[in-house]
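# Examination of the molecular architecture
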Amino acid sequence: MISVKDLKKEFHGTPVLRGITEHIEKGEKVVIIGPSGSGKSTFLRCLNLMERPTSGEIWFDGQELTKLRDRDINHVRQRMGMVFQHFNLFPHLTIRKNITLAPVKLRLMSQEEADKKAEELLRRVGLPDKAEDYPASLSGGQKQRIAIARALAMNPEVILFDEPTSALDPEMVGEVLALMKQLADDGMTMVVVTHEMGFAREVASRILFMADGVVMEQNTPDKFFTQPESQRLKDFLSKVL
Amino acid sequence: MSFTESFRQNFIEDDRWQYLTEGLKTTLVITFFAVLIGMVLGFIVAVIRSTYLRTKKLLIPDLICRLYLTVIRGTPVVVQLLIIYFVIFASVPISKTLVAVIAFGINSGAYVAEIVRGGIMAVDIGQLEAGRSLGLNYRQTMVSIILPQALKTVLPALANEAIVLLKETSVAGYIAIADLTKGGDIIRSQTFSAFMPLIAVALIYLTMVIILSRLVNLLERRLTRNDKR
């Protein structure tokens, strides 16, 4: 579904990604972990061109994204949802409007259809009575569940999660991870940058360990935690587990 | 001369009060339309400038905007008014009030642009990213997500700019427009008493500014209250 070939990214001459080649299949749940500064968020943000790669190729459904015109990139982004660390809900809009804005503006649904979809999504994320509230009145966990609902409203084929629980108070992490697990069980293709090792072990079909701008090691969850190969991963796991 | 006699001479005799009321009307007309032009111009410039700053697109329009901002903010408004009237429209038959509206509008636009640009840049970059990640293009994200939030934060500052403009139009007399200030000055030249007409003019400006400032305060309180909903 997504193929990345020799992806490199520099920020003002400093290399952040040093050549990543990776393939993500439909239905896979790929979890990316690694120390801060390893480039994992940058890698994720390159997948929907939130960051422009310096070189390399990104293939999505037969299209090479770095060669697309802006208009076509917008079309690709409609099919790739993204969930941010800081939620980025639209504070001037009600929850219902947050969810329905994009599908209505992009003429994928009428306002009525989108409203119905929003209702259904709000039930799915467990917040059916919040439709007319504003984001400021929600807790962090609720905000992130709404952000996931907003991404789902576009019927994406894959969702990219950029540290979705890192800005949450500890007691709210569980509700967001539970929702993500539910999405995974429903068969959604997911790429997740996270520090939640429990989630990685339980939900991932594959875990990537990134360090120094490369994918240093990857494995299935059971082997990843029990039989780490590189010294870097052994050190990392001994610190976080 | 007693106070009442002076009052009678300056305002009642020959219906001189009409210089003030007619002048006030002219001042308000110039201010109103100049504010409109300033807002439209300022918004366009602010969007161009922040688009360039955020995306590095629109380089040429941005250069033009920067030139406009530098020239307008670097020269006195009276000089701009005189140039527009005596140079640019020198050989064009055009109403003086319209010239003043254009001049003050262009002047105000530069200040509005900087206020609005500040508001746009103050909106968290995550808002732009969230909009773009959903597939909205830059323009849709700007119109539906960034500008409404920016507008809300800068509304009080914009209202203050309108108040400033109201006072700045008092130099319209330089091109012989009979605005409020000029009205008071005409009375002074007829009655040879400066105190009454000029103090009256000052009081009228002051009253309008106080009323408008009150409205801005109300607006500000209304906006912050909405934040807490």
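From a predicted model like this one, the values you see are computed outputs, not experimental measurements.

### Considering the packing of aromatic side chains
This structure, assessed with the given rule, holds 5 aromatic pairs over all chains. The interplanar angle of 70 degrees and the centroid separation of 5.0 Å between the aromatic rings of Phe-7 of chain B and Phe-11 of chain B together place this pair among those described as edge-to-face. Separated by 4 residues within a single helix, Phe-7 of chain B and Phe-11 of chain B lie in helix α1 (residues 3–12), roughly one turn from each other. Relative accessible area serves as the criterion here: at 36%, Phe-7 of chain B is assigned to the partly exposed category. Ring geometry for Phe-32 of chain B and Phe-33 of chain B: centres 5.2 Å apart, planes at 85 degrees, overall edge-to-face. One Lys or Arg, Arg-150 of chain A, reaches over the ring of Phe-90 of chain A and ends 4.5 Å from the middle of that ring.

### Details of the side chain of Ser-230 of chain A
Position of Ser-230 of chain A relative to the elements: it lies in the loop between α8 (221–226) and α9 (231–240). Side-chain polar atoms of Ser-230 of chain A contact the backbone nitrogen of Leu-233 of chain A, separated by 3.3 Å.

### Observations regarding the layout of surface pockets
There is about 800 Å³ of room inside the largest pocket. Lining the largest pocket are 24 residues; nearest its centre among them are Leu-49 and Met-50 of chain A together with Arg-54, Thr-55 and Arg-132 of chain B. Elements that contribute at least two residues to the lining of the largest pocket include exactly β1 (2–11) and α2 (70–79) of chain A together with α2 (17–55) and α6 (125–133) of chain B. Looking at which element gives the most residues to the lining of the largest pocket, the answer is α2 of chain A, with 5 residues. Its residues assigned to classes, the lining of the largest pocket shows 8 nonpolar, 4 polar and 12 charged.

### Regarding the sheet that holds strand β10 (residues 214–219) of chain A
By definition, the strands of a sheet pair up through backbone hydrogen bonds, in either a parallel or an antiparallel sense. All names here are of chain A. Read across the open sheet, the 6 strands follow the order β6-β7-β8-β3-β9-β10; overall the sheet is mixed. Among the strands making up the open sheet, the edge pair consists of β6 (80–83) and β10. Between one strand and the next, the sheet's axes are offset by a mean angle of 20 degrees, whatever the strand orientation. In the sheet, strand β3 (residues 29–33) pairs with strand β8 (residues 189–193) via 4 bridges, with the strands oriented parallel. Bridge assignment links Ile-32 to a residue of β8, and that residue is Val-193. Each of β3, β6, β7 (158–162), β8 and β9 (206–211) touches helix α1 (residues 40–47); the most contacted strand, β7, lies at about 150 degrees to it. Helix α5 (residues 140–152) contacts β6 and β7 of the sheet and is inclined by roughly 170 degrees relative to β6.

### A word on the interface of chain B and chain A
Counting from both sides, the interface comprises 20 residues of chain B and, opposite them, 25 residues of chain A. Summed over the shared surface of chain B and chain A, the number is 2 salt bridges. Linking chain B with chain A are 7 residue pairs in polar contact (both at pLDDT 80 or more), by the criterion used here. Every element with two or more residues in the side of chain B that touches chain A is listed here: α6 and α7 (138–168) of chain B. With 7 residues, α6 of chain B is the largest single contributor of residues to the side of chain B that touches chain A. Across the side of chain B that touches chain A, the residue classes tally to 5 nonpolar, 9 polar and 6 charged.

Parameters and conventions
- Residues numbered from 1 in each chain as written.
- Chains lettered and ligands numbered in written order.
- Predicted model: local features only at pLDDT ≥ 70, side-chain atom pairs only at ≥ 80, totals over all residues.
- Heavy atoms only, no water.
- Phe/Tyr/Trp six-rings, centres within 6.5 Å; stacked < 30°, edge-to-face > 60°.
- Helix = DSSP H or I, 4+ residues; strand = E, 2+ residues; numbered from the N terminus.
- Buried < 20%, exposed > 50% of the residue type's maximum accessible area, 1.4 Å probe, protein only.
- Lys NZ or Arg CZ within 6 Å of the ring centre and 35° of its normal.
- Polar contact = N/O pair within 3.5 Å; in protein donor to acceptor, adjacent residues only side chain to side chain.
- 1 Å grid on protein atoms, 1.4 Å probe; cavity = no way out; pocket = protein on both sides within 12 Å on 5 of 7 lines; lining within 4 Å.
- Points joined across faces, edges and corners; volume = space filled by probe spheres on them.
- Nonpolar A, V, L, I, M, F, W, Y, C, P; charged D, E, K, R; others polar.
- Pairing = 2+ DSSP bridges.
- Axes fitted to C-alpha atoms, helices over the stretch in contact; angles between N-to-C directions.
- Contact = heavy atoms within 4.5 Å.
- Salt bridge = Lys/Arg side-chain N within 4 Å of Asp/Glu carboxyl O.

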